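# Structural features, examined
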Amino acid sequence: ALAQLREGLAPAGHAAAGLDDVLEALNERRVRTLLLAHGSTAPGFTCPACGRLSCGDAPCPADGSAPQPQTDILERATELALDQSADVLFVRHHTDELAQHGPVAALLRY
């Protein structure tokens, strides 16, 4: 999966890395495989109306709702990935390779 991630992060590839990009891909239902560094957490926000995940507290672009803070947005990201029938992989080894992109990355469907 990490080799596919390296390949997918190339220009015109099918991967996302970093919390902002991965949450956006999840919101767009494009994630095929979610990769998480084992034991990692990250704060974030969810829209109470539509469930959109984000890193920032700006109003939801879909419905204008004020987002609610979450102590661990990665838990919500995992739930959303599973709801989309995506695979979820917890990276326990080679976490340094994943960590260079943040605690989360994704292989995309398209």
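Our structure is the block above this text.
The sections below set out a description of the structure shown in this document. Note that the structure is a prediction, hence the values are computed from the model and not measured.

In space, the three strands of this open sheet follow the order E4-E3-E5, with antiparallel pairing throughout. Both outer strands of the open sheet, strand E4 (53-54) and strand E5 (68-70), are each paired with one neighbouring strand and no more. Relative to E5, strand E3 (residues 44-46) is paired through three bridges, and the arrangement is antiparallel. Within the sheet, the bridge partner assigned to Phe 45 lies in E5 and is Pro 69.

Ranked by size, the top nonpolar core spans 21 residues in total, and within it Leu 19, Val 22, Leu 23, Leu 26, Val 31, Leu 34 and Val 104 carry the most contacts. Mapped onto this core, the elements with two or more residues apiece are helix H2 (19-27), strand E2 (31-37), helix H3 (73-83) and strand E7 (104-108). Filtering out sequence-adjacent residues up to four positions away, Leu 23 remains in contact with Leu 53, Ser 54, Cys 55, Ile 73 and Ala 77.

The rules behind each value
- Residues numbered from 1 in each chain as written.
- Predicted model: local features only at pLDDT ≥ 70, side-chain atom pairs only at ≥ 80, totals over all residues.
- Heavy atoms only, no water.
- Pairing = 2+ DSSP bridges.
- Helix = DSSP H or I, 4+ residues; strand = E, 2+ residues; numbered from the N terminus.
- Core = buried A, V, L, I, M, F, W, Y, C linked by side-chain atoms within 4.5 Å.
- Buried < 20%, exposed > 50% of the residue type's maximum accessible area, 1.4 Å probe, protein only.
- Contact = heavy atoms within 4.5 Å.

Shape descriptors only; they carry no functional weight alone.
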